[in-house]
Amino acid sequence: MTLVTFIIPVRHQANSNDWPALKRRLSQTIASIAGQSNKNWRGVVVANEGADLPDLPPNFTAERVTFPPNQLHDINGADREKVYDAFRLDKGRRVLSGMLSARDTRFFMIVDDDDFVSANIVDFAAGNSDANGWKINRGYLWNEGGRLLMHHNDFANYCGTSLIIRSDLYRLPATFEDAEIDYIKSMLGSHVRIGKLLADAGSPLGSLPFRGAIYRVGHAGAHSKSSNLIRTHFLNRSVLTSPRQFLGNLSRVRPLDRNLRNEFFGARAAG
């Protein structure tokens, strides 16, 4: 049995304004996962038929799907809840397809296609294999190409790359067709909803005891339309008029040094 399977759901190519940039970021995310210190893992990239993917290293496979584009993916004027609901359905069914292709695993971790994960996740899971799983409550924010990281201590409510969950707790259906829409949206398409559902069912997740992921923010292809790190946390009017908030944000910044590159960016990026 595989200890941890990383599932990377990739949007339909028609929903990307710059597929070469998405492919480059996806390649970096794949390199990050491939840097795990414990080799008992596999990765599954879920993408539509015809999508041009980067070369996949050992332990990775591609699960091809035929889902249509998400028609609300880039409609800023649409009802916000309808947009979120469409996103949860699109992401959730891609995640389900990936999980059904890799049932023989102890834990699943869903990773957004532009984020980074700590090289220590699988090794930690190996020493705690009876746990329900963990939320990554403490992580980092990073502007693409930047030399600084910012601590974020409510990470699991902010970034989708934030949950490691024991596979049986997902109660996967026998086939894709057996899955109910609400199950797909809430258990697989929402990183916020599933934590509460598991806690209510008596299987709460623990807190990962180290900073487990980096959320790449502020680029044109960001899923959440996240804004630039510096502009949001240092050049925002409310921050500039509050010295205490400015200094508090400044205290959360640290350089992206060699150790962090080695831990999160994988061997190819660190070299």
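This section reports on the structure supplied with the text. (Residues numbered from 1 in each chain as written. Predicted model: local features only at pLDDT ≥ 70, side-chain atom pairs only at ≥ 80, totals over all residues. Heavy atoms only, no water.)

1. Quick word on helix α5 (residues 193-200)
Part 1 of the reasoning: Those residues of α5 lying buried are Ile 194, Gly 195 and Leu 198. Seen along its axis, α5 keeps its buried residues to an arc of 105 degrees; they face one direction. Counted as exposed and oriented over 90 degrees from the buried face of α5: Lys 196 and Asp 200.
Part 2 of the reasoning: Contact partners of the buried residues in α5: β6 (133-135), β9 (163-166) and α4 (181-188).
Part 3 of the reasoning: Once α5 finishes, Gly 202 follows within two positions and takes phi at roughly 85 degrees, a positive value. (Buried < 20%, exposed > 50% of the residue type's maximum accessible area, 1.4 Å probe, protein only. Helix = DSSP H or I, 4+ residues; strand = E, 2+ residues; numbered from the N terminus. Arc of directions from axis to C-beta. Contact = heavy atoms within 4.5 Å.)

2. Points about α4
Quick reminder: α-helices carry 3.6 residues per turn. Residues three or four places apart thus point the same way.
Part 1 of the reasoning: Extensive coverage of α4 is indicated by the burial of six of its eight residues.
Part 2 of the reasoning: Within α4, burial applies to Tyr 183, Ile 184, Lys 185, Ser 186, Met 187 and Leu 188.
Part 3 of the reasoning: Lining the buried residues of α4 we find α2 (80-100), β4 (105-110) and α5.

3. A short note on the sheet that holds β4
Part 1 of the reasoning: Reading across the sheet, the seven strands line up as β3-β2-β1-β4-β9-β6-β10 and stay open at both edges, with mixed pairing between neighbours. At either margin of the open sheet sits one strand with a lone partner, and together these are β3 (60-65) and β10 (206-207).
Part 2 of the reasoning: The pairing of β6 with β10 spans two bridges and is classified as parallel. Bridging from a neighbouring strand, Lys 135 pairs with Ser 207 of β10.
Part 3 of the reasoning: Along the sheet face, helix α1 (residues 19-34) touches β1 (2-9), β2 (41-48) and β3 and points at about 170 degrees away from the line of β1. (Pairing = 2+ DSSP bridges. Axes fitted to C-alpha atoms, helices over the stretch in contact; angles between N-to-C directions.)

4. Quick notes on the sheet that holds strand β5 (residues 116-117)
Either a parallel or an antiparallel arrangement is found when strands of a sheet pair, and the pairing is made through backbone hydrogen bonds.
Part 1 of the reasoning: Taken together, the five strands give an open sheet; going across it, the order is β5-β11-β7-β8-β12, and neighbouring strands pair in mixed fashion. The open sheet has two free edges, formed respectively by β5 and β12 (253-255), since each of these has just one partner strand.
Part 2 of the reasoning: Inspection of the sheet shows strand β7 (residues 139-143) paired to strand β11 (residues 213-217) by four bridges, in the parallel sense. For Leu 141, the partnering residue across the bridge sits in β11 and is Tyr 215.

5. Some words on the pairing of β9
Part 1 of the reasoning: The alternating pattern of β9 places Leu 163 and Ile 165 and Ile 164 and Arg 166 on opposite faces, both of which are buried.
Part 2 of the reasoning: Relative to β9, β4 runs antiparallel, the two being bridged by three bridges. Of the residues in β9, the one forming a bridge with Phe 108 is Ile 165.
Part 3 of the reasoning: Relative to β9, β6 is paired through three bridges, and the arrangement is antiparallel. When the sheet's bridge partners are listed, Gly 133 is paired in β9 with Ile 165.

6. Topic: the pattern of salt bridges
Part 1 of the reasoning: Taken as a whole, this structure holds 13 salt bridges when the rule is applied.
Part 2 of the reasoning: Among the salt bridges present, the one from Lys 91 reaches Asp 112, with a minimum N-O distance of 3.4 Å. Taken together, the residues span a long stretch of sequence, with Lys 91 in helix α2 and Asp 112 in the loop between β4 and β5 at a distance of 21 residues. In this structure, Lys 91 and Asp 112 share a single accessibility class: buried.
Part 3 of the reasoning: Ionic contacts of the salt-bridge type, sharing partners, join the residues Arg 24, Arg 25, Glu 144 and Arg 216 into one network. (Salt bridge = Lys/Arg side-chain N within 4 Å of Asp/Glu carboxyl O.)

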